Amino acid sequence: MTVKVVQNQKELGDAYSVRKIVFVEEQNVPLEEEIDQYEDEATHFVMYLDDAPIGAGRFRIVDGFGKVERICVTKEARKTGAGKAIMKKIEDHASEKGLHKLKLNAQTHAIPFYAGLGYEVVSEEFLDAGIPHKTMVKEI
């Protein structure tokens, strides 16, 4: 498994394809909500197993925080360490940018995953695309 910072249109298309499979097809998030106005300002990440895209995520700087967004792994690649590898690559990227605080909005079922990586819940539950979430933060 390899996690890459997206460098070209093919890699970006691969990241979008994983996001569409996970969020649009599996979780019924409308495509117009999944692909949003922040795509051009974000740094995108894609994970490959051999040449097949199996994970993705994106990162933005918002209000002095590194904001981790759109973390997803295909069904077949879950519970293999793929999500942790994507998160490590994004956290390393944030460190390189001189950021010390990360924030993300976790789907409530994924809170144990992020808690295991050192993130702490800092909000009440809220809906995003009809899915329950909580905001989590981590100092790096």
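Overview of the structure.

About the criteria used
Residues numbered from 1 in each chain as written. Predicted model: local features only at pLDDT ≥ 70, side-chain atom pairs only at ≥ 80, totals over all residues. Heavy atoms only, no water. Salt bridge = Lys/Arg side-chain N within 4 Å of Asp/Glu carboxyl O. Helix = DSSP H or I, 4+ residues; strand = E, 2+ residues; numbered from the N terminus. Buried < 20%, exposed > 50% of the residue type's maximum accessible area, 1.4 Å probe, protein only. Phe/Tyr/Trp six-rings, centres within 6.5 Å; stacked < 30°, edge-to-face > 60°. Lys NZ or Arg CZ within 6 Å of the ring centre and 35° of its normal. Expected span 1.5 Å × (residues − 1). Bend = angle between axes of the 7 residues up to and from the residue. Contact = heavy atoms within 4.5 Å. Polar contact = N/O pair within 3.5 Å; in protein donor to acceptor, adjacent residues only side chain to side chain.

1. A short note on the pattern of salt bridges
One pass over the full model with this rule turns up 16 salt bridges. Between Arg 19 and Glu 34 there is a salt bridge; the shortest N-O distance is 2.6 Å. On the criterion of sequence distance, the pair formed by Arg 19 in helix 1 (residues 9-26) and Glu 34 in helix 2 (residues 31-34) is long-range, its members being 15 residues apart. Residue classification places Glu 34 among the buried positions, given a relative accessible area of 3%.

2. Considering the packing of aromatic side chains
Inspection of the entire model under this criterion finds 2 aromatic pairs. Summarising the aromatic geometry, the rings of Phe 113 and Tyr 114 are spaced 5.0 Å apart at their centres and angled 70° between planes, so their arrangement reads as edge-to-face. Residue Tyr 114 is classed as buried on the basis of its relative accessible area, which comes to 9%. Every member of this aromatic cluster is reached through a ring pair, and the members are Phe 113, Tyr 114 and Tyr 119. The aromatic ring of Tyr 38 is capped on one face by Arg 60, whose charged end is 3.9 Å from the ring centroid. Seen from the ring of Phe 65, Lys 103 lies directly overhead, with NZ or CZ sitting 4.6 Å from the centre.

3. Quick notes on helix 1
The terminal C-alpha atoms of helix 1 lie 24 Å apart, and with 18 residues this matches the ideal 26 Å at 1.5 Å per residue to within 8%. Along its length, helix 1 shows its largest kink, about 30°, at Lys 20. Of the residues making up helix 1, those classed as buried are Glu 11, Leu 12, Asp 14, Ala 15, Tyr 16, Val 18, Arg 19, Val 22 and Phe 23. Tucked into the core, helix 1 has its buried residues touching strand 1 (2-5), helix 2, strand 2 (43-49), strand 3 (52-62), strand 4 (65-73) and strand 5 (101-107). Two to three positions downstream of the cap, the backbone nitrogen of Lys 10 sits 3.1 Å from a side-chain oxygen, assigning the N-cap of helix 1 to Asn 8.

4. Some thoughts on unusual backbone geometry
A positive phi angle, near 55°, is found at Asp 63, a position not held by glycine. Note on placement: Asp 63 falls in the loop between strand 3 and strand 4. Asp 63 gets classed as exposed once you look at its relative accessible area, which sits at 71%. At Ala 129, a position not held by glycine, the phi torsion is positive, near 55°. Residue position: Ala 129 is located in the loop between strand 7 (126-128) and strand 8 (131-139). Judged by relative accessible area, which is 29%, Ala 129 ranks as partly exposed.

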